[in-house]
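Residues per chain are reported as follows:
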Amino acid sequence: MPPRRSHKKSRAGCRRCKSRKIKCDEVHPRCGNCVKHGVPCDFEHPEIIAELQAAQAASASSPSTAGTPYTPAYSPGADSVSSASTARLQRAPQLCRSPPSQALSTTTPAAHRMLELRLMHQYTAMTCKTFTFTAPTTEDIWKITVPGMAFSGSQHLTDAILAVAALHLRSQSPNDKDLVRASHAYMAASLAEYSAELTKGISSSNAESLFLTASLIAFQSTATRVFMKDELSLAQANGNQTEDFNKQGRYTAAGCYSIPFSWFHSFQGVKAVTAASWQWLRNSPVVTEVINSQAVLQLDFASHSQTFFGHLLDGLDEELAEMANPMDPARLHPDSPGQSFQQRRPPASPELVTSTRQAYQHAVAVLNWAHKIPHKGAPLAFPATVSKRFIEMLEERRPRALAVLACFFALLKSLDSIWWLHGMARREVLGVVSLFNSDFFGPEAYSKWWPHLEWAMRIALYETPDGSSTIPPEVWGADWYAEEQALQNQGGHNYYRHIEMLSQMTNPTRSVPAVPE
């Protein structure tokens, strides 16, 4: 018998070769045997060592249950397989791992993922186009650029996108409870994250996303109004007939029309963010494109008798004189229905009188401008540009301020085909006029202010024969397209230049804008 050849023992072989009691060539990162059999090697994947050890231990301790027994398929001669061979196959350790199932998400439920996909599809396919009805050139910004910025880590912008899309779908499926919950949840999340980001401060890194989120919040606050239930019906259903102050300290009455202050505050928020971050926004191609797509304010402060809404300033001098030197006691809010008390109003300061005059004149000038080109989205500039003093007078329910508000809402009739403004002119004008019909102002208020409300009522109730939003000049009081051409012939700067000039004329405080309600 020939002598046995000398050989080198393998003492550092892989775990799999040792378990099979075969020599390992110790080649890294995968030994030759593992490569040959197409199995993972613990040289390359150390994490499988524990698996191999567990399989080997289970095989040694419980041979009969060491795994799923191998049962060969029936074939001729299968009966010749010995029981000993079967036992050896049962004791053999598992040499490969089953491929793991594909993990989807450990945090987001499947139904939630499908809803978010549905909302994002709605936004990119449909909703974003409703923001660009006056400037189709910005569609790619809202459709592609804005979602891209959201996906880059701006959670408040992401949730604002989903909230607006949910509201849009709600307008098509108002009874879908999932969409109702989603719209509320994403709105609340976007506001909370937006507020937290503002608290940290505006900088070059977040100025763009905050501006875009503020714009979407303004759309949200407008669209939400579409889904509000009639307060009178709700109060009657709940049996609530009392009058009280709401949490903002504004006087309200059960069943009484409520002015959409949140709408004004959200649009004012866009203006505040723009002013506070203009040093960065002015260099943003995205923001400047959006801003320049808006119609430029071209206000005329000429004698009010020469303008369409000049009648809203009739008697203003007498009202301001009475503010400075009140002669008659002012009727204040009653403590409860059917009760009232009288108290003399303190004289207003000269500064307050001046700011009141300017607030009315500016608001009427914006109405006159928007009345000429409403189809260009000009009426939407009203809530963003009116002064803080004008909003205060709305909160005080000044009759003149409410008459101005009714005319603004009537201007929205020209945009009635847009889902987030649909029906708003009719609903809000009727609501404002109902305040003059109530006991709040007394029996003479309606007859006194009706001449100033008549146009707004006529427009709000007008129905075009073809169902379009275009109202004939003889009904509206102006030819939109002729006025648009006249304004273009006057020339002027774009909206970017308009803001640039304002920023040079004033030195706005770089304060954090108030978060809309």
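Residues numbered from 1 in each chain as written. Predicted model: local features only at pLDDT ≥ 70, side-chain atom pairs only at ≥ 80, totals over all residues. Heavy atoms only, no water.

The chain is annotated in an unreviewed UniProt entry as Zn(2)-C6 fungal-type domain-containing protein from Sordaria brevicollis.

### Considerations on the overall build of the chain
What counts here: In this description a helix means any DSSP run of H or I spanning at least four residues, a strand means any run of E spanning at least two, and both kinds are numbered starting from the N terminus. Burial classes follow relative accessibility: with a 1.4 Å probe on protein chains only, a residue under 20% of its type's maximum area counts as buried, one over 50% as exposed, and anything between as partly exposed. It only takes one pair of heavy atoms within 4.5 Å for two residues to be counted as in contact. Methods summary: accessible areas were calculated by the Shrake-Rupley approach with a probe of 1.4 Å, and residue burial reflects only the protein chains presented.
On a plain count of helices and strands, the chain comes out with 23 helices and four strands. By residue count, 42% of the 517 residues in the chain fall in the buried class. Across the chain, the fraction of contacts at a sequence separation of at least 24, relative to all contacts at a separation of at least 6, is 70%. Carbon and sulfur atoms form 54% of the exposed surface of the chain, whose accessible area is close to 28100 Å².

### Observations concerning helix 5 (residues 110-125)
Using the following cut-off: Multiply 1.5 Å by the residue count of a helix minus one, and that product is the helix's expected span. The arc under discussion is defined with respect to the helix axis, by the directions toward the C-beta atoms.
Taking 1.5 Å per residue as the helical rise, helix 5 with its 16 residues ought to reach 22 Å, and the 22 Å between its terminal C-alpha atoms agrees with that figure. Taken together, the buried positions of helix 5 are Leu115, Leu119, Met120, Gln122 and Tyr123. Each buried residue of helix 5 sits inside an arc of 160 degrees when the element is viewed along its axis, so together they form one side. Facing away from the buried surface of helix 5 by more than 90 degrees, the exposed residues are Met114, Leu117 and His121. Taken together, the buried residues of helix 5 touch helix 6 (139-151), helix 7 (155-172) and helix 8 (177-200).

### Description of the UniProt feature "domain: Zn(2)-C6 fungal-type" (unreviewed entry) in the chain
Keep this limit in mind: UniProt positions are given in the numbering used here, feature names are shortened, and annotations may be inferred rather than shown by experiment.
The UniProt record marks residues 13-43 with the feature "domain: Zn(2)-C6 fungal-type" (unreviewed entry), using the residue numbering of this structure. Annotated as residues 13-43, this span is 39% helix and 0% strand, and its ends, taken at the C-alpha atoms, are 9 Å apart.

### Quick word on the side chain of Glu428
Structurally, Glu428 can be placed in helix 19 (residues 424-437). For Glu428, a relative accessible area of 0% translates into the label buried. Every residue in contact with Glu428, bar those within four places of it in the chain, is listed here: Arg225, Tyr257, Pro260 and Phe409.

### Here's the deal with the packing of aromatic side chains
Put simply, the rule is: Two aromatic rings from Phe, Tyr or Trp, using only the six-membered ring of Trp, form a pair when their centres are within 6.5 Å; if the ring planes differ by under 30 degrees the pair is stacked, by over 60 it is edge-to-face, and anything between is tilted. Only when the NZ atom of a Lys or the CZ atom of an Arg is both within 6 Å of the ring centre and within 35 degrees of the ring normal do we say a charge sits over the ring.
As enumerated under the stated definition, the model contains 19 aromatic pairs in all. A centroid spacing of 5.5 Å and a plane angle of 70 degrees characterise the contact between Phe131 and Trp142, whose relative ring orientation is edge-to-face. One end of the pair, Phe131, is in the loop between helix 5 and helix 6; the other, Trp142, is in helix 6, and 11 residues separate them in sequence. Across the pair, exposure class does not vary: Phe131 and Trp142 are buried alike. Ring-pair connections join several aromatic residues into one group, and the members of that group are Trp263, Phe264, Phe267, Phe382, Phe390, Phe408 and Phe409. Seen from the ring of Tyr360, Arg400 lies directly overhead, with NZ or CZ sitting 5.9 Å from the centre.

### Structural notes on the side chain of Asp159
What counts here: The positive count covers Lys and Arg only, the negative count covers Asp and Glu only, and His and the chain ends enter neither. By definition here, a salt bridge exists when the distance from a side-chain nitrogen of Lys or Arg to a carboxyl oxygen of Asp or Glu is within 4 Å.
Here Asp159 lies in helix 7. Among buried Asp, Glu, Lys and Arg side chains, Asp159 stands out as unpaired, with Lys200 the closest opposite charge at 13 Å. Those residues in contact with Asp159 that lie beyond four places of it in its chain are Tyr186, Ala189, Ser190 and Glu193.

### A few points about the nonpolar core
Stated precisely, the cut-off is as follows: The definition of a nonpolar core used throughout is a set of buried Ala, Val, Leu, Ile, Met, Phe, Trp, Tyr and Cys residues joined through side-chain atoms within 4.5 Å.
Residues Phe382 and Phe390 are the most contacted members of the largest nonpolar core, which totals 122 residues. Ranked by residue count, the leading element in this core is helix 18 (residues 399-411), at 11 residues. Dropping the residues within four chain positions of it, Phe390 is found in contact with Ala359, Tyr360, Ala363, Phe382, Ala401 and Val404. Counting residues in hydrophobic clusters, the runner-up holds eight residues, among them Cys14, Cys17, Val39 and Phe43.

### Points about unusual backbone geometry
Positive phi is not limited to glycine here, since Lys21 has a value of about 60 degrees. With a relative accessible area of 72%, Lys21 lands in the exposed category. We note that Glu26 has phi near 60 degrees; this positive angle belongs to a residue other than glycine. Its location among the elements puts Glu26 in the loop between helix 1 (15-20) and helix 2 (32-37).

### Notes on the pattern of salt bridges
Using the criterion set out here, one finds 12 salt bridges in the structure. For Arg225, the salt bridge identified is with Glu428, shortest N-O distance 2.8 Å. With a gap of 203 residues between them, Arg225 in helix 9 (residues 207-226) and Glu428 in helix 19 connect regions that are remote in the sequence. Exposure class is identical for Arg225 and Glu428. Each is buried.

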